[in-house]
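Residue strings, one per chain:
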Amino acid sequence: MQGEDSFQILVQPENDSLPLMEINTSKTEASEPWDYVLVVNRHTKREHRNIYLQFLENLKGKGFQYEVKNDQKKIFCGIRAESRIFDLYCTLLLEPEDQAPTQRLTPIPPTTRIRIVNFVLKNTTAAGDTLGDLVKKGVFEAKFPLHKGGGDLKTTWARWRNMFQKQPIDDIRCYFGEKVALYFAWLGWYTYMLVPAALFGLITFLSGFSLFNASQISKEICEAHDIFMCPRGDHSRRYQRLSDTCTFAKLTHLFDNEGTVVFAIFMALWATVFLEIWKRQRAKVVLHWDLYGWDEDQEEMALQLINDPHYKLQQHEHSYLRSTIILILSLFMICFMIGMAHILVVYRVLAAALFSSSALPFLEEQVTTAVVVTGALVHYVTISIMTMANKRVALKLCDFEKPRTLSEQESKFTIKFFTLQFFAHFSSLIYIAFILGRINGHPGKSVRLAGLWKLEECHLSGCMMDLFLQMAIIMGLKQTLSNCIEYLKPWLAHKCRSVPGRESSDPELRDWKHNYHLNPVHPFSLFDEFMEMMMQYGFTTIFVAAFPLAPLLALFSNLVQIRLDAIKMVRLQRRLVPRKAKDIGTWLQVLKTIGVLAVIANGMVIAFTSEFIPRVVYKYRYGPCREGAHPEVDCLTGYVNHSLSVFYTKDFNDSVRIKGSEHITECRYRDYRNAQDYNFSEQFWVLLAIRLAFLILFEHVALCIKLVAAWFVPDVPQKVKNTVLKEKYQRLRDKYQRFQKMCSSPKSTTV
């Protein structure tokens, strides 16, 4: 009961429950809100009783007030800070140097109140344990700030029907703090900028439809009834007509055409423009919030002094030994991630052997497609499992490094976790794009795994089809299945937790119980959302040359993701502890890194995975147009025959076991080798040199475009710079005028 010196907690003295006791609380004003709630089980162990009472008394000694309310099974402790704590905070940070704290007229924002209370709670100890330790030991069952004043966000933001409406960023900031508001501001801008990228990618993809039946290469493949392809593996012990791959050849041309190069360069420019304009947007928002000159270290030190007046400054430290150990362990984990990609290779090889012996005729005929699809599913499951393992490893490495502050810890954790996640997500794609089918040898002399199983080869229509399918399945699953799980899991958990029971007559206790029954959050809740978006951004830009529809899928996913996150934070989860920030922190460096990796990866995909370079070289060096264009002849006439090497069936070691080998004397396979000794031909080396030259040229052109775009678009708008400049000038002008008055005042008195 508020306003009383003491009150009783009625608890049955049976078993290990708490006995009847009196807890003294300081007198409080009814108008002051409760900022935080701690929850204790009524039947907690006896040894925990004194600890949690000592914790509450320690809080009281720091200037905090608490009130205890009983429920049938739980004890709820409301926590709030006295006004002198906020006056001290204003003195240290908010008030001008010449203004006394007593002149503060504006109330402290709820986000600031919660942030201060949470910091002191985290650093308050009882029996040598912090609040986090006490929660782990079961002394406290839960801790959370209260949802209050979020009704407007529920109606204007956290609803599916508002999917296409503008986000109330200022309202989000006033309720969840600047860090959450900046996340949604960035996500909204990223989604907005995906529109041109999605349209360009869709046009690139659809442009292939205009040549769906007119492509010379597709025509030749569909008419190649007399060309037989060599058996591609142990699962395929028969010759296959090249014309059987007609449909896949046409589909491959949808994303492996001349527009792919232009689209890849466009995406390199898009990534740079997106980041540069985001920096401008951030500068406007931060200036509007009056945080342009805010100092995070100063805020951290102020909170430390509020918590402990005898706080001693913890200085920056660096240990080369510790850094070396962390580097070695990180490299070990990266090698482990690459090893997981090799395990996926082994799965694909074994799955090919398994499907080939299947009783289902469909699987026997479509072994390659079945292996690619199931391999992508296995990769998705592997990603989900390794994400949990990577987070634990990154946390251990971060704790071993002993960061000085929470922000420094978050920055170091971000770098480590992203590095591990990058290799977990992209190792398999790197293998498919640049290794698959390139180390297999040739028919009659194939490289085998453990001397038994033949390594998997690319799809008959080319490795771009494998990469396209892998990207499509992983992105499709991550954008649909992951979003469904992300929404349904907290929704179902909330429904299960909020089981109807006897309602309390105390409206305040009912509110506390409602907050308690919401899904718990942890310090990395917002971090997980950022990481999910970074991985999506990686899929949208890296290897986008093989999957032009990636920006379109990301656009649809983000429209759902924004409202999904809003509904979770406002309706399904306990309130996040507000964090102050003036940028998205280390994530900006992650985005820049992904942009550079995207240029390198897309250049390599076009050079080594796509058929773009072989087509261009054939057109101008080997084809009918090498001496000049002929209107009546397509310049790619004969390209299919040129790109397939010849193998004589008599050179097979076990040609008798191959079905239909009686009347076939030669078969073809995708490579550039001589028919006599099966060594690499002249065309192979010419193509390799041109591929490398194109890769160097593409990367330099794309990176130069990125640099020019970054220079051309200033990070901070001139209006923001001028506003900050005027504020600095005005402060100096005011100080100068006060100084002039001080100098002239004695003279006036003397006269």
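Model, not experiment: these values are computed from the prediction.

Colleague: I'd like a rundown of the confidence of the model for the protein, residues and numbers included.
Modeller: The predicted model of the protein averages 81 in pLDDT, with 87% of residues at 70 or higher. Throughout residues 97–102 the model reports pLDDT below 50, and contacts reaching past four residues in sequence, or to other chains, amount to three contacts.

Colleague: For the UniProt feature "transmembrane region" (unreviewed entry) in the protein, give the residues involved together with the corresponding values.
Modeller: When the UniProt feature table is mapped onto this chain numbering, "transmembrane region" (unreviewed entry) sits at residues 180–206, 260–278, 325–347, 367–386, 417–439, 537–564 and 584–608. Here residues 537–564 runs as 71% helix and 0% strand, with 18 Å between its end C-alpha atoms. In residues 584–608, helix accounts for 88% and strand for 0%; the two terminal C-alpha atoms are 36 Å from one another.

Colleague: Could you give an account of the state of the cysteines, with specific residues and numbers?
Modeller: By the definition in use, this model includes three disulfides. Linked covalently through their sulfurs, Cys222 and Cys246 form a disulfide whose S-S length is 1.8 Å. Classification of the bridge connecting Cys222 and Cys246 rests on its S-S torsion, roughly 80 degrees, and on that basis the disulfide is right-handed. Of this pair, Cys222 sits in helix α8 (residues 216–223) while Cys246 sits in helix α9 (residues 246–255), and the two are 24 residues apart along the sequence. Like Cys246, Cys222 is buried. At a sulfur-sulfur separation of 1.9 Å, the disulfide partner of Cys230 is Cys667. In this structure the cystine formed by Cys230 and Cys667 twists about its S-S bond by roughly 90 degrees; its chirality is therefore right-handed. Remark: Cys667 occurs in strand β16 (residues 666–670) and Cys230 occurs in the loop between β9 (228–229) and β10 (240–241); sequence separation between them is 437 residues. Assigned by exposure class, Cys230 and Cys667 land together as buried.

Colleague: Would you mind going over the side chain of Asp35 in detail, with residue names and values included?
Modeller: Among the structural elements, Asp35 can be located in the loop between β2 (21–24) and β3 (36–41). Here the side chain of Asp35 touches Arg113 through a polar contact of 3.0 Å, side chain to side chain.

Colleague: Give a description of helix α1 (residues 46–61) that names residues and reports values.
Modeller: An α-helix turns once per 3.6 residues; consequently, residues spaced three or four apart project the same way. Look at α1: 24 Å from first C-alpha to last across 16 residues, which is about the 22 Å you get at 1.5 Å a residue. Looking at the residues trailing α1, positive phi occurs at Gly63, about 100 degrees.

Colleague: Account for a nonpolar patch on the surface, naming residues and giving values.
Modeller: Judged by side-chain polarity, Leu321, Ile325, Leu329 and Phe400 come together as a nonpolar surface patch covering roughly 350 Å² of accessible area. With three residues, helix α12 (residues 320–356) is the single largest residue contributor to the nonpolar patch. Relative to the helices and strands, Phe400 is located in helix α14 (residues 367–401). Judged by its relative accessible area of 37%, Phe400 falls in the partly exposed class.

Colleague: Describe the packing of helix α7 (residues 178–210) against α9, naming the residues involved and giving the relevant values.
Modeller: The geometry of α7 relative to α9 is characterised by a closest axis approach of 6 Å and an angle of 140 degrees between their N-to-C directions. Put simply, α7 runs oblique to α9. α9 is crossed by α7, and the crossing has right-handed handedness. Contacts between α7 and α9 involve Thr204, Phe205, Gly208 and Phe209 from the former and His253, Leu254 and Phe255 from the latter. In the contact of α7 with α9, the residues fall into four nonpolar, three polar and no charged.

Colleague: Got a sec to walk through the nonpolar core? Specific residues and values, please.
Modeller: Counting 121 residues, the largest nonpolar core has Phe176, Trp186, Tyr190, Trp270 and Phe543 as the members making the most contacts within it. Discounting chain neighbours no more than four positions away, the residues touching Phe543 are Phe426, Leu429, Ile430, Ala433, Phe434, Leu467, Met471, Ala601, Asn602 and Val605. By size, the runner-up hydrophobic cluster in this structure holds 33 residues, among which are Leu38, Phe55, Tyr66 and Cys90.

Colleague: A description of the pattern of salt bridges should follow, citing residues and the corresponding values.
Modeller: Tallied over the full model, the rule gives 23 salt bridges. Residue Arg113 is joined to Asp35 by a salt bridge in which the shortest nitrogen-to-oxygen separation is 3.0 Å. In this pair, Arg113 sits in helix α3 (residues 110–123) while Asp35 sits in the loop between β2 and β3, placing the two residues 78 residues apart along the sequence. Of the two residues, Arg113 and Asp35, both sit in the buried class. The closest approach of N and O atoms between Lys279 and Glu276, which form a salt bridge, is 3.3 Å. Here the residue Lys279 and the residue Glu276 both occupy positions in helix α10 (residues 259–288), the gap between them amounting to three residues, near one helical turn. Of the two residues, Lys279 and Glu276, both sit in the buried class.

Quick notes on the rules
Residues numbered from 1 in each chain as written. Predicted model: local features only at pLDDT ≥ 70, side-chain atom pairs only at ≥ 80, totals over all residues. Heavy atoms only, no water. pLDDT = per-residue confidence, 0-100. Contact = heavy atoms within 4.5 Å. UniProt positions renumbered as here; feature names shortened; annotations may be inferred. Helix = DSSP H or I, 4+ residues; strand = E, 2+ residues; numbered from the N terminus. Disulfide = S-S within 2.5 Å. Buried < 20%, exposed > 50% of the residue type's maximum accessible area, 1.4 Å probe, protein only. Polar contact = N/O pair within 3.5 Å; in protein donor to acceptor, adjacent residues only side chain to side chain. Expected span 1.5 Å × (residues − 1). Patch = residues over 30% accessible without salt bridge, like charges linked within 9 Å, V, L, I, M, F, W, Y side chains within 5 Å. Areas by Shrake-Rupley, 256 points an atom, 1.4 Å probe, with all protein chains shown as cover. Salt bridge = Lys/Arg side-chain N within 4 Å of Asp/Glu carboxyl O. Axes fitted to C-alpha atoms, helices over the stretch in contact; angles between N-to-C directions. Parallel < 35°, antiparallel > 145°, perpendicular 65-115°, else oblique. Left-handed = near helix turned anticlockwise from the far one by under 90°. Nonpolar A, V, L, I, M, F, W, Y, C, P; charged D, E, K, R; others polar. Core = buried A, V, L, I, M, F, W, Y, C linked by side-chain atoms within 4.5 Å.

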